[in-house]
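Structural description and commentary
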Number of protein chains: 2
Amino acid sequence: MAENHKVHFGVNYTPRQGWFHSWLDFDPKATREDLEQIASLGCDHVRIFPLWPLIQPNRTLIRESAIKQVVRLVEIAGECGLDVYVDVLQGHLSSFDFLPSWVESWHRQNLFTSPKVISGQRTLVGALGAALSELPNARGLGIGNEFIQFAAPRHPQQHEITSQEAGHWLDELFAEAKQVWPEGKHAHSFDDDLWFDAHHPFTPELGVTRGDITTVHSWIFGALGLTYGADHQYLPMFARYLVDLAAAYQRLFLGTNTGPIWLQEVGAPSTHLSRGREAEFVRHTLEFLLGRQEGEGGGAIAGTEHLAAVTWWCSHDVSRQLADFPALEYDLGLFDEDGQVKPEGQAFAQVISDYRDGKLGIYSLKNEGDPGQSILRVGLTRDGSDRNLLSPAGAFFQAWAEQAINGQVPKIELSHKN
Amino acid sequence: MAENHKVHFGVNYTPRQGWFHSWLDFDPKATREDLEQIASLGCDHVRIFPLWPLIQPNRTLIRESAIKQVVRLVEIAGECGLDVYVDVLQGHLSSFDFLPSWVESWHRQNLFTSPKVISGQRTLVGALGAALSELPNARGLGIGNEFIQFAAPRHPQQHEITSQEAGHWLDELFAEAKQVWPEGKHAHSFDDDLWFDAHHPFTPELGVTRGDITTVHSWIFGALGLTYGADHQYLPMFARYLVDLAAAYQRLFLGTNTGPIWLQEVGAPSTHLSRGREAEFVRHTLEFLLGRQEGEGGGAIAGTEHLAAVTWWCSHDVSRQLADFPALEYDLGLFDEDGQVKPEGQAFAQVISDYRDGKLGIYSLKNEGDPGQSILRVGLTRDGSDRNLLSPAGAFFQAWAEQAINGQVPKIELSHKN
């Protein structure tokens, strides 16, 4: 079998001690321990998350010491053999919102349209980008982890904007990132509201036309889990669906100028997986993406050509000493809160190893009499106002899943409705 | 003349470098420089303000390192000859709200009634109180700087509560403070909404019946400034009015069991004082409180017996490098942003010196034919629903001010309406 190298594997780095509050007491030694554990799985990269209110507590105060801590973390990661993507505006992590006081309460301004806020955000993107551009293993910036949730109709304190304003905001921040760090690979990120919520101002068009790479976050506790229930056989196919859907939207809006997709978040939540089935979920999710031969754990699956990287959520369990997280958030780590690798961590490492050995990474099934890949077509309005048709709660997904479950994953073809 | 010692003088400590964001990069050397400057004015105490989201970023994570920084600051203050009062829940400072992520947005809970939030607040009060109780120059806790503004009808994201709930919240936090630090002098604080806003759940009764000492914050940019305008001769009398009003409410609700009043905040805002008149405002404000002999800058004034301490707002100007503060907040320091004493700082030092020398601190005017102190009486409902009658925009204040301006400050006598 040929060796595979195309797909990168990494994790979203959640510090074992103190979660992201550890930025308040940055500890290079504890950081190194965590990153060495991550590297031991065979990962080649991590995604990291500074907290916005700590790095920029006043609009015109970007703490040099905080920038230096981010740089130091990236250096340590480099010493562990890991590349790093740095997400700038946190923003939002595991149900908690972190906003600096200068955009909140008496100072509340629209996070996406206020010229003052955008100016402050640009300055931060510029400062971090400039500092990171000099590090060989720093690879790019993220605008902010699922930052678009602040504009979601379901957010308790929604910042209302139009899609045009959403696009302008992205253009502003990407312009800054490119200016200070032209070689960086810069992305934005979003939960699947972007793909499925017809009322969300951030549209699939913005998802695939802004930034250097299209990202996907795959969480089975959303509409999919609500529709099909825990442990359903469709759950491990959701990441594949999203990746192929994102690729389909790329073809729709970019024509032939498409690029690879980064599965930037995917995790095994206890709400929809029975205890003990997490490792199997890890394996199956990645098999549906990478493809497998018959006999390797079931029937053959043709992988997707679109996948550039998988970044698992997350590295370390949230300590049970920290309160108020949603229950599922405590158990998402590949390592437990004591730093011991969990079965899902072992499964992830095995997949990485199998992929590199060529045991996974199968992109076409050459069976005799094979009818070839089928195509599922759907016409959509340009503005995303009927994108909910593609939700995992709907008939389109069901049709896709009924075929995909047998290993021949249908191609998704989108067109513009008149 | 006899020496006076009864009244204490201090400042609210606003760190020169980085304002309160300096907690993120606590610098003992810079702190010592600031505190030495403050001590050089003759001050005997400071009030300090940890930021709640930094010290308790998760409900069950109180950062030991943050507690140690507070303790270290208090120790340095002690080495400079200063006592320290520590305000716990910030909360609110100079127009900015600082709330931890575990009470905001998706985790929003009522700050005054949620059992989880109260439990977290109690834990923090307990942790800080226990650590501080061992320091000889630590004097007491404040519940939180003007924390009641979160319950104000005018707050943009009001936490609605009843007066009963407000009282329960205070009782919970004071119980914790007393338990861990019985000798501490613990107080709560509030803007003058408590005295004048008929709809505010925190009532004058709660103002004077909770805590070891009653506090007063005197800001002339409120209803007083709006009514009388900049540079009006009544402006320097406002602090005196508030102190005597608080004492009157003590008599109303506590009978004879009254105590001294702490003028915990008073400042010279540029919105209502012409440039160059700040020092005069400092002097006149304190003369109306302390009393002066005829000839010492004008006619004689009888001071108030109720005053225990004056804590000026604030020590150091906010750096112009920090954005988005209301304009007046940049100029309230007794020292400028380079650490140079300002005319208002010199005026404050002179008052302290004059008071201690007995040139100020005159409590009765013994002129022949003096009719003695007059009394202004008003009947009020028990629940505070007509407390707006005493607002500086109203007739009661006007009657008080017309007499007070001549130096014979009338006594305020409140009674309960049937």
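Being a predicted model, the structure only gives us computed values, none of them experimental.

**A few points about the packing of helix H3 (residues 64-79) of chain B against helix H4 (residues 115-132) of chain B**
All names here are of chain B. Their axes nearest at 10 Å, the elements H3 and H4 cross at an angle of 40°. Between H3 and H4, the interaxial angle falls into the category oblique. In the packing of H3 onto H4, the handedness of the crossing is right-handed. Contacts between H3 and H4 pair Ile-67, Val-70, Val-71 and Val-74 from the former with Ala-127, Leu-128, Ala-131 and Leu-132 from the latter. Each residue belonging to the contact of H3 with H4 can be placed in one class, and the counts come to eight nonpolar, no polar and no charged.

**Brief notes about the confidence of the model for chain A**
On average, residues of chain A carry a pLDDT of 96, and 97% of them reach 70 or more. Overall fold confidence (pTM) sits at 0.96, and the ipTM for the predicted complex is 0.96.

**Description of the interface of chain B and chain A**
Residue-level contacts link 34 residues of chain B with 34 residues of chain A. With both chains or domains summed, chain B and chain A bury close to 3,200 Å², and 52% of this area falls on carbon and sulfur atoms. Applying the counting criterion to the chain B and chain A interface returns six salt bridges. For Arg63(B), the salt bridge identified is with Asp25(A), shortest N-O distance 2.6 Å. Linking chain B to chain A there are 24 residue pairs in polar contact (both at pLDDT 80 or more). In terms of residue class, the side of chain B that touches chain A is made up of twelve nonpolar, 13 polar and nine charged.

**Focus on the sheet that holds strand E3 (residues 83-87) of chain A**
Residues and elements named next belong to chain A. Here we have seven strands laid out as an open sheet, ordered E6-E3-E2-E1-E9-E8-E7, and parallel in their pairing. The sheet terminates laterally at strand E6 (138-142) and strand E7 (214-218), the two strands that pair on one side only. The sheet shows a mean angle of 25° between the axes of neighbouring strands, taken without regard to direction. In this sheet, strand E8 (residues 261-266) lies alongside E7 in parallel orientation, the contact comprising five bridges. For Thr-214, the partnering residue across the bridge sits in E8 and is Ile-261. On top of the sheet, helix H3 (residues 64-79) reaches strand E2 (45-48), E3 and E6; it is set at about 155° to E3, its chief contact.

**Overview of the pairing of strand E8 (residues 261-266) of chain B**
All names here are of chain B. Burial runs high along E8: six of the six residues are buried. For E8 and strand E9 (residues 307-312), the ladder comprises three bridges, and the chain directions are parallel. Counted as the bridge partner of Trp-262 is Ala-309 from E9.

**Topic: the relation of the copies chain B and chain A**
Rotating chain B by 180° and translating it 0.0 Å along the rotation axis places it on chain A, where the RMSD comes to 0.0 Å. A rotation of that kind, with that shift, is consistent with a two-fold axis. For chain B, the residue whose C-alpha comes nearest the rotation axis is Leu24(B), separated from it by 3.6 Å. When the interface residues of chain B are mapped onto chain A, 100% of them again lie at the interface, so the same face is used by both copies.

**Comments concerning the packing of aromatic side chains**
Residue and element names in this part refer to chain A. Per the stated rule, a full pass over the model turns up 66 aromatic pairs over all chains. Their ring planes at 40° and their centres at 6.2 Å tell us that Trp-19 and Phe-98 sit as a pair that is tilted. Here the residue Trp-19 occupies a position in the loop between strand E1 (8-12) and helix H1 (28-40), and Phe-98 occupies one in the loop between strand E5 (96-97) and helix H4 (115-132), the gap between them amounting to 79 residues. Take Trp-19 and Phe-98: they sit in the same class, and that class is buried. A cation over an aromatic ring shows up here: Lys-6 above the ring of Tyr-363, its NZ or CZ 5.4 Å from the ring centre.

**Observations regarding the pairing of strand E2 (residues 45-48) of chain B**
Residue and element names in this part refer to chain B. Both faces of E2 are covered, namely the face carrying His-45 and Arg-47 and the face carrying Val-46 and Ile-48. Note: strand E1 (residues 8-12) against E2, three bridges, orientation parallel. Bridge pairing in E2 places Asn-12 opposite Arg-47. Handedness of the β-α-β unit built from E1, helix H1 (residues 28-40) and E2 comes out right-handed. Direction of pairing for E2 relative to strand E3 (residues 83-87): parallel, over a ladder of four bridges. Following the sheet pairing, Val-46 is matched in E3 by Val-84.

**A word on the state of the cysteines**
Residues and elements named next belong to chain B. Across all of its chains, the model carries zero disulfides over all chains by this definition. Considering cysteine sulfurs only, Cys-80 is the nearest to Cys-43, which forms no disulfide, with 12 Å between them. Its relative accessible area of 6% is what places Cys-43 among the buried residues.

**Comments concerning the side chain of Ser218(B)**
Residues and elements named next belong to chain B. Along the polypeptide, Ser-218 turns up in strand E7 (residues 214-218). Within the local environment of Ser-218, its side chain forms a polar contact with the backbone nitrogen of Ala-239, the two atoms lying 3.4 Å apart. The residues touching Ser-218, leaving out its near neighbours within four places in the chain, are Phe-238, Ala-239, Leu-242, Leu-263, Glu-265, Val-266 and Gly-267.

**Concerning H3(B)**
All names here are of chain B. Helix length check: H3, at 16 residues, gives a terminal C-alpha distance of 23 Å against a target of 22 Å (1.5 Å per residue), a fit within 8%. For H3, the full list of buried residues reads Ala-66, Ile-67, Gln-69, Val-70, Val-71, Leu-73, Val-74, Ile-76 and Ala-77. Close packing links the buried residues of H3 with H1, E2, helix H2 (52-55), E3, H4 and strand E6 (138-142). One or two positions beyond H3, positive phi appears at Gly-81, with a value near 85°.

**A closer look at the sheet that holds E3(B)**
Strands in a sheet are paired, the pairing made by backbone hydrogen bonds, and the direction either parallel or antiparallel. All names here are of chain B. Ordered in space as E6-E3-E2-E1-E9-E8-E7, the seven strands form an open sheet in which the pairing is parallel. Across the chains shown, the open sheet's two edge strands, defined by having one partner strand only, are E6 and E7. On average, each strand axis in the sheet is inclined to that of its neighbour by 25°, with strand direction left out of account. Each of E7, E8 and E9 touches helix H9 (residues 238-254); the most contacted strand, E7, lies at about 155° to it. Of the strands in this sheet, E1, E8 and E9 touch helix H10 (residues 278-290), which is tilted by about 170° from E9.

**Regarding the pattern of salt bridges**
Residues and elements named next belong to chain B. This structure, assessed with the given rule, holds 58 salt bridges over all chains. Here Lys-29 and Glu-33 are joined by a salt bridge, their closest N and O atoms 3.7 Å apart. You can see Lys-29 and its partner Glu-33 sitting in helix H1, four residues apart, about one turn around the helix. Under the relative-accessibility criterion, Glu-33 is labelled partly exposed at 33%. Measuring nitrogen to oxygen at the nearest pair gives 2.9 Å for the salt bridge that ties Asp-83 to Arg-139. A residue pair is termed long-range when its members are at least 10 positions apart, and Asp-83 in strand E3 and Arg-139 in strand E6 qualify at 56 residues. Residue Asp-83 is classed as partly exposed on the basis of its relative accessible area of 23%.

Each value, and the rule that gives it
Residues numbered from 1 in each chain as written. Chains lettered and ligands numbered in written order. Predicted model: local features only at pLDDT ≥ 70, side-chain atom pairs only at ≥ 80, totals over all residues. Heavy atoms only, no water. Axes fitted to C-alpha atoms, helices over the stretch in contact; angles between N-to-C directions. Helix = DSSP H or I, 4+ residues; strand = E, 2+ residues; numbered from the N terminus. Parallel < 35°, antiparallel > 145°, perpendicular 65-115°, else oblique. Left-handed = near helix turned anticlockwise from the far one by under 90°. Contact = heavy atoms within 4.5 Å. Nonpolar A, V, L, I, M, F, W, Y, C, P; charged D, E, K, R; others polar. pLDDT = per-residue confidence, 0-100. Buried area = accessible area lost by both parts, 1.4 Å probe. Salt bridge = Lys/Arg side-chain N within 4 Å of Asp/Glu carboxyl O. Polar contact = N/O pair within 3.5 Å; in protein donor to acceptor, adjacent residues only side chain to side chain. Pairing = 2+ DSSP bridges. Buried < 20%, exposed > 50% of the residue type's maximum accessible area, 1.4 Å probe, protein only. Least-squares fit on C-alpha atoms with pLDDT ≥ 70 in both. Phe/Tyr/Trp six-rings, centres within 6.5 Å; stacked < 30°, edge-to-face > 60°. Lys NZ or Arg CZ within 6 Å of the ring centre and 35° of its normal. Right-handed = clockwise from strand over helix to strand, strands pointing away. Disulfide = S-S within 2.5 Å. Expected span 1.5 Å × (residues − 1).

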